[in-house]
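Commentary on secondary and tertiary structure
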Amino acid sequence: MALKGLKVIEFVGLAPGPFCGMLLADFGATVTRIDMNPRNSLDVLQGGKRSLALNLKQPKAISVVRSLCRGSDVLIEPFRPGVMEKFGLGPSVLLADNPRLVYARLTGFGQTGTHAARAGHDLNYVALSGVLSMLGRKANKPTAPINLLADFAGGGLMCAFGILAAIVERQRSGKGQIVDHAMVEGAAYVGSWLYRSQSLPVWGKARGENIIDGGAHFYDTYETKDGKFVSVGAIENKFYRLLLEGLGLDPDLPQFEEEENRRQLFETTFKTKTRDEWMEIFDSKDACVFPVLTPDEVESYKHNRERNVFVDYRQSQDDVLVPTPAPKLSRTPAQSGVTAADRSELEMAEEILGEIGIDREELLKLYEEDTLLLSNRPKM
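Residues numbered from 1 in each chain as written. Predicted model: local features only at pLDDT ≥ 70, side-chain atom pairs only at ≥ 80, totals over all residues. Heavy atoms only, no water.

1. Examining the domain arrangement of the protein
Let me state the cut-off plainly: Note that the domain bounds reflect an automated or database-derived domain assignment.
According to the domain assignment, the protein contains domain 1 (7-191 + 343-369) and domain 2 (219-292). Taken over C-alpha atoms, the centre of domain 1 sits 45 Å from the centre of domain 2.

2. Overview of helix α6 (residues 148-173)
Two residues of an α-helix separated by three or four positions point the same way, owing to the 3.6 residues in each turn. For clarity, the cut-off: Helix numbering and strand numbering both begin at the N terminus, where a helix is a DSSP run of H or I of at least 4 residues and a strand a DSSP run of E of at least 2. Working rule for helices: expected span equals 1.5 Å times residues minus one. To get the bend at a given residue, fit one axis to the seven residues ending there, fit another to the seven starting there, and take the angle between those axes.
Here α6 spans 35 Å end to end across 26 residues, near enough to the 38 Å set by a 1.5 Å rise per residue. At Met-158, α6 shows its largest kink, close to 30°. Phi turns positive one or two residues past the end of α6, at Gly-174, with a value near 80°.

3. Regarding the packing of α6 against helix α7 (residues 183-190)
A pair of packed helices is characterised by two quantities: the angle between their axes and the separation of those axes. In plain terms, the rule: Between the N-to-C directions of two axes lies an angle of 0 to 180 degrees, each axis being a line fitted to C-alpha atoms and, for a helix, fitted only over the stretch in contact. Comment on the angle field: the value is read as roughly parallel under 35 degrees, roughly antiparallel over 145, roughly perpendicular from 65 to 115, and oblique elsewhere. In what follows, a contact means two residues having at least one pair of non-hydrogen atoms within 4.5 Å. Here the term charged refers only to Asp, Glu, Lys and Arg, the term nonpolar to Ala, Val, Leu, Ile, Met, Phe, Trp, Tyr, Cys and Pro, and the term polar to all other amino acids, Gly among them.
It is the contact of α6 with α7, at a shortest axis distance of 8 Å, that shows an interaxial angle of 95°. The angle between the axes of α6 and α7 places the two elements in the roughly perpendicular class. Contacts from Leu-149, Ala-150, Asp-151, Ala-153, Gly-154, Gly-155 and Met-158 of α6 reach α7 at Met-183, Gly-186, Ala-187, Tyr-189 and Val-190. Split by residue class, the contact of α6 with α7 holds eight nonpolar, three polar and one charged.

4. Describing the packing of helix α1 (residues 16-26) against α6
Cut-off, in case you're wondering: Here is the rule for handedness: rotate from the far helix to the near one, and if that takes an anticlockwise turn smaller than a right angle the crossing is left-handed, while a clockwise turn gives right-handed.
At a minimum axis distance of 8 Å, the contact between α1 and α6 shows a crossing angle of 45°. Classed by the angle they form, the pair α1 and α6 counts as oblique. Two packed elements cross with a definite hand, and for α1 against α6 that hand is right-handed. Each of Pro-16, Phe-19, Cys-20, Leu-23 and Leu-24 in α1 lies in contact with α6, whose residues at this interface are Asp-151, Phe-152, Gly-156, Leu-157, Cys-159, Ala-160, Ile-163 and Leu-164. For the contact of α1 with α6, the residue count by class is eleven nonpolar, one polar and one charged.

5. Details of the packing of aromatic side chains
The geometry of an aromatic ring pair comes down to the distance between the two centres and the angle between the two planes. Selection rule: Pairing of aromatic side chains requires ring centres within 6.5 Å, counting the rings of Phe and Tyr and the six-membered ring of Trp. Pairs whose planes differ by under 30 degrees are stacked, by over 60 edge-to-face, and all others tilted.
This model, assessed by the stated rule, comprises 13 aromatic pairs. Three or more aromatic residues link up through ring pairs in this structure, and these residues are Phe-218, Tyr-222, Tyr-240, Phe-256, Phe-266, Phe-270, Trp-278 and Phe-282.

6. Notes on the sheet that holds strand β7 (residues 219-223)
Threshold: Here the rule is simple: two strands pair whenever DSSP picks up at least two bridges between them.
Overall, antiparallel pairing links the three strands, which are arranged β7-β8-β9 in an open sheet. Unpaired on one side and paired on the other, β7 and β9 (289-291) mark the two borders of the sheet. Neighbour-to-neighbour, the strand axes of this sheet turn through a mean angle of 25°, independent of strand direction. The strands touched by helix α11 (residues 275-282) within the sheet are β8 (229-233) and β9, with β9 carrying the most contacts at an inclination of about 145°.

7. With respect to the layout of surface pockets
Under the convention used in this document: The pocket and cavity definitions rest on a 1 Å grid over protein atoms only: a 1.4 Å probe that fits but cannot leave marks a cavity, an open set with protein on both sides within 12 Å along at least five of seven lines marks a pocket, and residues lining either have an atom within 4 Å of a point. Grid points are joined across faces, edges and corners, and a volume is the space filled by probe spheres set on the points.
What the second largest pocket holds in volume is close to 500 Å³. Contributing elements (two or more residues each) for the lining of the second largest pocket: β5 (102-107) and α5 (122-129). A per-class count over the lining of the second largest pocket returns twelve nonpolar, five polar and four charged.

8. Description of α1
The cut-off we apply is this: Only protein chains enter the accessibility calculation, which uses a 1.4 Å probe; a residue whose area is less than 20% of its type maximum is buried, one above 50% is exposed, and one in between is partly exposed.
Across the eleven residues that make up α1, a large majority, eleven, are buried. Taken residue by residue, α1 has Pro-16, Gly-17, Pro-18, Phe-19, Cys-20, Gly-21, Met-22, Leu-23, Leu-24, Ala-25 and Asp-26 as its buried positions. Structurally, α1 contributes buried residues whose contacts are with β1 (7-11), β2 (30-35), β4 (74-77), β5, α6 and α7. In the stretch just after α1, Gly-28 is the one whose phi turns positive, near 115°.

9. Description of the sheet that holds β1
Across a sheet, strands are paired by hydrogen bonds formed along the backbone, either parallel or antiparallel in direction. Taken together, the six strands give an open sheet; going across it, the order is β3-β2-β1-β4-β5-β6, and neighbouring strands pair in parallel fashion. Each edge of the open sheet is held by one strand with a lone partner, namely β3 (50-53) and β6 (178-182). Between one strand axis and the next, the sheet turns by 20° as a mean value, whatever way the strands run. Where β5 meets β6, five bridges bridge the pair, whose relative direction is parallel. What sits directly across from Ala-104, in β6, is Val-179.

10. Some points on the environment of Lys-205
With respect to the helices, strands and loops of the structure, Lys-205 is situated in the loop between α8 (192-196) and β7. With a relative accessible area of 59%, Lys-205 lands in the exposed category. Residues Lys-205 and Gly-233, spaced 28 residues apart in sequence, show a C-alpha to C-alpha distance of 19 Å.

11. Details of the pairing of β5
Of all six residues making up β5, six are buried, and the element is well covered by its neighbours. The alternating pattern of β5 places Val-102, Ala-104 and Leu-106 and Tyr-103, Arg-105 and Thr-107 on opposite faces, both of which are buried. Bridging between β4 and β5 involves four bridges; their strand directions are parallel. Bridge assignment links Glu-77 to a residue of β5, and that residue is Arg-105.

12. Points about the nonpolar core
Which entries qualify depends on this criterion: Nonpolar core, defined: a set of buried Ala, Val, Leu, Ile, Met, Phe, Trp, Tyr and Cys residues in which side-chain atoms within 4.5 Å join the residues together.
Formed by 35 residues in total, the largest nonpolar core has its most connected members in Val-8, Leu-24, Ala-29, Val-74, Ile-76, Val-102 and Ile-163. Only α1, β4, β5, α5, α6 and α7 provide two or more residues apiece to this core. Here this core takes eight residues from α6, the largest share from any one element. Beyond its immediate sequence surroundings of up to four residues, Leu-24 is in contact with Leu-3, Val-8, Ala-29, Val-31, Ile-76, Ala-160, Ile-163 and Leu-164. Judged by nonpolar contacts, the second largest core, of 27 residues, contains Ile-9, Leu-56, Val-64 and Leu-374.

Next up, the structure:
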């Protein structure tokens, strides 16, 4: 795979850090998670990664981490500023040990600034980015897109990009560096087009009254007769004409007049047929009309199956649907870590520690000294 040979240490956190590590692992990197608890159940993005649980209050645990980082390319840490320094694992220490290390710090507010030491979550970061003020219906308060914008798009994804940019630069300089990534900044950067397009015709009105934020009847979702929904994105006039034709409406209706009347007309019309009946009509019309699929429908949808949008895999207990890594590479395609065979804590600990010269006997000592954390006592 594309990132084969890249060695990554990931300190376990919530959402953005694990997602960043997942991206690297799915494209071939060897990602080793450092946890403070054996079998952390909160991280659902750990497939394909190795795990090692250490008690970082123990000096030997710090020594183990430093040894691992000496032979690694990347470290990802999700803690507030100063936490890694208190462990004795700050960038000044680890970059002295390994000048080629890319030290990625993934936080809400960054390493400096008024809010650097404060707690926050996706909603807060999107709020400070300014993007949240643009999201939502005109009659409602600003609405966040769950935690996708800061945690994942602006957080883990942008951090992974920063890591790979630093890796590319290292090819020239031979040196690693610190990646200081704040989710506030990542969310704002993901929203670059929103900021830089404010002079275009799609904007100019209050939230929820513009063409692509729910303010136009031809760019919205509509409920159908069976309680399901369709998405309509007929912005260009040629698509709008085909939309009217498919709906059985007057094809000469003006697109930008009588907005509320037109919306009501669309709402009434779409409720006269089921979603599948509308899809039979619009499958043959290039009118930018597609079904709003629910999680239990997406895998069986014809186009998604043809493109392998989801991994052909189901967890035996939870029946979890897993998206396929994207984008698709022609020669060195990624592979979702969820398809990797499960390994025991002990198997992974032996493999990871063996790479820094720690044998089974010393592993047992680390366990007895409460440095290595395992669910069950290892046997000699």
